[in-house]
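Take a look at the letters that make up each chain.
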Amino acid sequence: MNRLSATAFPAGTAEWPRYRPEEYRAGIVHLGLGNFARAHLLAYTDEVLATQGGDWRAIGVSLRGTAVAEALNPQDGRYTLIIRGQQTHARVIGALKHVIAGTHMARCALTAMARPTCRIVSITVTEKGYGITSEGHLDRAHAAIRADLARPEAPTGVIGLIVAALAHRRAMGVQPFTVLSCDNLSHNGQKLQRAVLEFATEAHGEDVAGWIRQQVRFPSTMVDRITPASTAETLATAATLTGHEDLAAVETEPFRQWVIEDDFSAGRPAWELAGALFVRDVGPYEHMKLRMLNGAHSMLAYSGQLSGKAYVRDVMADPAHASLVRRHLKAAAATVRGLAIDLDAYATALAERFANPSIAHATAQIAMDGTQKLPQRITAPALEALEAGTPVRPFAFALASWAAYLARRDARGAPIRVDDPRADALFAAVSGGTDAATLLPAIAAACPDILPDALRAGAFGAMLEELLDAILREGMMAVLAREAALGGE
Ligand code: CS2
């Protein structure tokens, strides 16, 4: 079977580009080319190019590793996007030009970002990729930030690259690009702007920082599309649907959403043609999505892992567990303000998306990097719900599930190291004991941004302790049944 490429002859039932991708130049440099960017930003961009063309193809940059570049470059950037709903269909995406990775990554990325034709630098590197604290400041303990502050002229991380490229453009008299964060952080644009300014001040001085403050736009975005990791089956399906071998295929759900602050300094693709929503303030949309979709996801990932459910759809197939998902969605919705959206209908749609039988979204994947996710997904709405007097038990249950997940033991009774940038601190925190009274203070000391004093005290603190002890002593299955019996969906 021939490999997918720009010259591959259209075959299979897949939809092939209805335009000639190679006629358009790149206007976007995208940092972090995981499955999500391929299922989201590049899919939107591909549709705009098919509708009206434009110099808006993307050059991808892999900050770590070369696997994605090795899969995509021999394919001229082409890949299959498999959309799994009631039916499965596929689309060959032409919006990606090529991928930069490997030894010369930084030099090549800076060259691409310095070109005047680059008008947007977009980013999907997950929460931990930036080097921003949960309060929205530069995280000097982050490995890439530390390295890049020491050698700002040879950056390796997101913020270092952006600042070096902007400083270069300023020196050359080239207008800046817009910086577009597309990760699940609240106020992602604003936080990135602040961290970039802190870095620029320290590494390049007030002149460069002042120019960035005045000239560079950092619109915030809310992004949404459930995109599991690709498997051998993904690649096999792509081969069937396109008639070509594709080592970079991605699968995703039919639903997608993108809400963007319309604040670009050097133009943008007409993403609204593909359904993106441009608004003045994305904050309420971010709250809705982070607290409802992602908050429920984190809760079901930890409680799912502890009750033997490998995939999100398995959680939804357990009536008790599914009712706790709906309970969580309701409590999270009560903390979302300022949107003329029917949140009950949004919650119902989320539960249906989670239940999609053709999407194998691993609870282990969502359980990763909890310290980076829980502050905006669980802690912030829990604090607001406490203040407002709306239901808080679902948040206590989510936090207790996370703590119990951290406290898992292997066959010899030793704690299991989790996949998280703060894994060492978490491992140390859960090593000292096996009951809530010992575990919670230790976890809170390691992660005060997840368990602040306000969630350790009073009725909430007591509920958290009671739930964690119950999970540890009786097991998650028993607690799921009891919690579900309380109602509250
Ligand atoms: C998930 C998200 O892995 C996770 O933490 O909650 O990746 C989620 O699938 C996306 O945000 C959906 O848009």
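If you're wondering where the values come from, they're calculated on a predicted model, not measured in any experiment. (Residues numbered from 1 in each chain as written. Predicted model: local features only at pLDDT ≥ 70, side-chain atom pairs only at ≥ 80, totals over all residues. Heavy atoms only, no water.)

A. The overall build of the protein chain, seen in detail. For the protein chain, the helix and strand inventory stands at 21 helices and eleven strands. A compact globule built from 489 residues should have a C-alpha radius of gyration of about 23 Å, and the protein chain, at 23 Å, falls within 12% of that. Based on the C-alpha atoms only, the size of the protein chain along its principal axes is roughly 60 × 55 × 50 Å. When burial is assessed residue by residue, the protein chain has 57% of its 489 residues classed as buried. Once local pairs closer than 6 in sequence are excluded, the contacts in the protein chain between residues at least 24 apart make up 78%. Only carbon and sulfur atoms are counted for the fraction: they give 52% of the accessible area of the protein chain, which is about 18900 Å². Separation of charge centres in the protein chain, based on 48 positive and 51 negative side chains, amounts to 3 Å. (Helix = DSSP H or I, 4+ residues; strand = E, 2+ residues; numbered from the N terminus. Rg over C-alpha atoms; globule rule 2.2 N^0.38 Å. Buried < 20%, exposed > 50% of the residue type's maximum accessible area, 1.4 Å probe, protein only. Contact = heavy atoms within 4.5 Å. Areas by Shrake-Rupley, 256 points an atom, 1.4 Å probe, with all protein chains shown as cover. Lys, Arg positive; Asp, Glu negative; His and termini not counted. Charge placed at Lys NZ, Arg CZ, Asp CG, Glu CD.)

B. A look at the site of the ligand. Surrounding the ligand, one finds Asn184, Asp224, Arg225, Ile226, Lys289, Leu293, Asn294, His297, His361, Ile366, Lys373 and Arg377. Take asparagine 294: an N or O atom from its side chain is 3.0 Å from an oxygen atom of the ligand. In the model, an oxygen atom of the ligand is placed 2.8 Å from a nitrogen or oxygen of the lysine 373 side chain. Burial of the ligand by the protein amounts to 88% of the accessible area it has alone, namely 340 Å². Among the detected pockets, the ligand sits in the largest pocket. (Near = heavy atom within 4 Å. Polar contact = N/O pair within 3.5 Å; in protein donor to acceptor, adjacent residues only side chain to side chain. 1 Å grid on protein atoms, 1.4 Å probe; cavity = no way out; pocket = protein on both sides within 12 Å on 5 of 7 lines; lining within 4 Å. Sits in = over half its atoms within 2 Å of the grid points.)

C. Quick look at the layout of surface pockets. One number sums up the size of the largest pocket: a volume of about 1400 Å³. Lining the largest pocket are 46 residues, with Gly34, Phe36, Thr124, Val125 and Thr126 sitting closest to its centre. Elements represented by at least two residues in the lining of the largest pocket include exactly helix H1 (35-39), helix H3 (67-72), strand S8 (221-224), helix H10 (283-305), helix H14 (363-367) and helix H15 (370-388). Taken together, the residues of the lining of the largest pocket break down into 17 nonpolar, 18 polar and eleven charged. Roughly 390 Å³ of volume is contained in the second largest pocket. The element best represented in the lining of the second largest pocket is H15, accounting for four residues. Looking at the lining of the second largest pocket residue by residue, the class counts come to five nonpolar, seven polar and seven charged. (Points joined across faces, edges and corners; volume = space filled by probe spheres on them. Nonpolar A, V, L, I, M, F, W, Y, C, P; charged D, E, K, R; others polar.)

D. A look at the packing of aromatic side chains. If you walk through the whole model with that rule in mind, you get six aromatic pairs. Every member of this aromatic cluster is reached through a ring pair, and the members are Tyr44, Trp258, Phe264, Trp271 and Phe278. Geometry around tyrosine 405 places arginine 408 over its ring, the cationic atom sitting 4.0 Å from the centre. (Phe/Tyr/Trp six-rings, centres within 6.5 Å; stacked < 30°, edge-to-face > 60°. Lys NZ or Arg CZ within 6 Å of the ring centre and 35° of its normal.)

E. Highlighting the UniProt feature "domain: Mannitol dehydrogenase C-terminal" (unreviewed entry) in the protein chain. UniProt marks residues 281-433 with the feature "domain: Mannitol dehydrogenase C-terminal" (unreviewed entry), using the numbering shown here. With 67% helix and 0% strand, residues 281-433 has end C-alpha atoms that lie 45 Å from one another. (UniProt positions renumbered as here; feature names shortened; annotations may be inferred.)

F. Broad picture of the sheet that holds strand S10 (residues 257-261). Sheet architecture is open: three strands sit in the order S8-S10-S11, paired in mixed fashion. Strands with a single pairing partner mark the edges of an open sheet, and in this sheet they are S8 and strand S11 (277-279). Direction aside, neighbouring strands of the sheet carry axes that sit 20 degrees apart on average. Two elements, S8 and S10, share four bridges in a ladder whose sense is antiparallel. Pairing of aspartate 224 across the sheet is with glutamine 257, part of S10. (Pairing = 2+ DSSP bridges. Axes fitted to C-alpha atoms, helices over the stretch in contact; angles between N-to-C directions.)

G. Representation of the sheet that holds strand S3 (residues 79-84). Taken together, three strands build an open sheet; the order of strands is S4-S3-S9 and the sheet is mixed. Every other strand in the sheet has two partners, leaving strand S4 (88-93) and strand S9 (250-252) as the edge strands with one partner each. The sheet shows a mean angle of 25 degrees between the axes of neighbouring strands, direction not considered. With three bridges joining them, S3 and S9 adopt parallel strand pairing. By the bridge assignment, leucine 81 is partnered in S9 with valine 250. Contacts from helix H2 (residues 41-52) reach S3 and S4, with the element oriented near 70 degrees to S4.

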